[in-house]
Amino acid sequence: MSDNQSDNDTRGLMVAPQTALSATPTPSDLLRLAIDKGADLDRLERLMDLQAKYEAGQARKAFTSAMTDLKSRNLTVRKDKSVAFSGTAYTHSSLAEVVETVVRHMADAGLSHRWTVAQEGKSITVACVITHELGHSEQVVMTAAPDDSGKKNAIQQVASTITYLQRYTLMAACGLASRDMPDDDGRGSERQQEYKAPAAITEDQAAELSDLMRSTHTAPADFLRWLNAGVESVAELPAVHFRRAKAALEKKAEKTAKEVADGLAA
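I will try to describe carefully the structure that is included in this document. All values derive from a computational prediction rather than experimental measurement.

**Comments concerning the overall build of the protein**
Then, number 1: Regarding its fold elements, the protein presents nine helices and seven strands.
Then, number 2: Counting over 266 residues, the protein shows a buried share of 30%.
Then, number 3: A fraction of 51% describes how many contacts in the protein between residues 6 or more apart in sequence connect residues 24 or more apart.
Then, number 4: Total accessible area computed for the protein in this model is approximately 16,600 Å², and 51% of it derives from carbon and sulfur atoms.

Below, the structure is given as structure tokens:
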């Protein structure tokens, strides 16, 4: 469909009264109006194609916004597993640690993940697919040979590689990094120095959140537990959580206002 043809379809429907369309009509609005006006099949198909492209664009924007939200939470994966064999010793992040760190936050942002696994000869390929609730998805793919380190049998070699690739494709897809955990051999000050408390929200931000909680009858303790930010008071809330906290409270306020309006209209 050419741009001129699309413009013609749009202009042909824009003559409708203001009450028929919103101030900025979407392809869905135009399609609905076309159906009401008995438009021919060819025009309906072009408008449906336009709507599909519009929805795909909106889904991409929502995906990007959700990933920005996820990365703003400054998630870091601990290296929680130690391995030692044949003179080799190292620590790494387990798959469980990676999943536990990121999945709940992904869900809060409207994101989910899944893996696909394929094997061809000695090559094992794992793809981590990140999908937004509106349907847009992106993936990171990695390939490796079976892990023949240590004394693994053939099946264990394949399973080890799959787990490895699942771990690192998920980390790469979400922009995560592993952080070494210092040995706790009496050097507690080193641990405290490495894990500095994140900057808290400002007094104005704390007041804004408190006002929103009062207006929505939200208990601060319950809300902070839902945020899972590791603090017990609004004033201590890390700044990286402010945008998500405000958005959640504003959404609750809108829902409450709508329910009140619907009740008055009934």
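**Let's talk about the nonpolar core**
Then, number 1: With 18 residues, the main nonpolar core has L111 and I130 as its most contacted residues.
Then, number 2: Residues within four places of I130 in sequence aside, it is in contact with F63, M67, M106, L111, S112, H113, H136, S137, E138, L170, A173 and C174.
Then, number 3: Counting residues in each nonpolar core, the second largest holds 14 residues, with L209, L212, L227 and V234 among its members.

**Re helix α5 (residues 154-174)**
Then, number 1: Over its 21 residues, α5 extends 31 Å from the first C-alpha to the last, a length consistent with the 30 Å expected when each residue adds 1.5 Å.
Then, number 2: Among the residues making up α5, those that are buried are Q157, T161, I162, L165, Q166, R167, T169, L170, M171, A173 and C174.
Then, number 3: Two or three places before I155, at the start of α5, stands the capping residue N153, its side-chain oxygen 3.1 Å from that residue's backbone nitrogen.
Then, number 4: Backbone geometry just after α5 places G175 at a positive phi near 70°.

**A closer look at the side chain of D69**
Then, number 1: With respect to the element layout, D69 can be found in helix α3 (residues 41-71).
Then, number 2: For D69, a relative accessible area of 16% translates into the label buried.

**Quick notes on the packing of aromatic side chains**
Then, number 1: The tally for this structure, following the rule as stated, stands at two aromatic pairs.
Then, number 2: With a centroid separation of 4.7 Å and an interplanar angle of 45°, the aromatic rings of Y164 and Y168 are classed as tilted. Taken together, the residues span about one helical turn, with Y164 and Y168 both in helix α5 at a distance of four residues.
Then, number 3: On the basis of relative accessible area, Y164 is assigned to the partly exposed category, the value being 41%.
Then, number 4: Judged by its relative accessible area of 25%, Y168 falls in the partly exposed class.
Then, number 5: Ring centres 5.7 Å apart and planes at 20° place the aromatic pair F223 and W226 in the stacked group. A residue pair is termed a helical-turn pair when its members lie 3 or 4 positions apart in one helix, as F223 and W226 do in helix α8 (residues 220-227) at three residues.
Then, number 6: What makes F223 buried here is its relative accessible area of 9%.
Then, number 7: The class of W226 is partly exposed, set by a relative accessible area of 43%.
Then, number 8: The ring centre of W226 lies 5.4 Å from the NZ or CZ of R244, which sits over that ring.

**Considering the pairing of strand β6 (residues 137-144)**
Then, number 1: For strand β5 (residues 123-132) and β6, the ladder comprises eight bridges, and the chain directions are antiparallel. Bridging from a neighbouring strand, V126 pairs with M142 of β6.
Then, number 2: Between β5 and β6, which pair antiparallel in sequence order, lie four residues; one of them, G135, sits at a positive phi of approximately 115°.

**Thoughts on the environment of L227**
Then, number 1: On the secondary structure map, L227 appears in helix α8.
Then, number 2: In this structure, the C-alpha to C-alpha distance between L227 and F242, residues 15 residues apart in sequence, is 10.0 Å.
Then, number 3: In contact with L227, not counting residues within four places along its chain, are R104, L237, R244 and A245.

Conventions adopted
Residues numbered from 1 in each chain as written. Predicted model: local features only at pLDDT ≥ 70, side-chain atom pairs only at ≥ 80, totals over all residues. Heavy atoms only, no water. Helix = DSSP H or I, 4+ residues; strand = E, 2+ residues; numbered from the N terminus. Buried < 20%, exposed > 50% of the residue type's maximum accessible area, 1.4 Å probe, protein only. Contact = heavy atoms within 4.5 Å. Areas by Shrake-Rupley, 256 points an atom, 1.4 Å probe, with all protein chains shown as cover. Core = buried A, V, L, I, M, F, W, Y, C linked by side-chain atoms within 4.5 Å. Expected span 1.5 Å × (residues − 1). Polar contact = N/O pair within 3.5 Å; in protein donor to acceptor, adjacent residues only side chain to side chain. Phe/Tyr/Trp six-rings, centres within 6.5 Å; stacked < 30°, edge-to-face > 60°. Lys NZ or Arg CZ within 6 Å of the ring centre and 35° of its normal. Pairing = 2+ DSSP bridges.

Treat this as a map of the structure, not an account of what it does.
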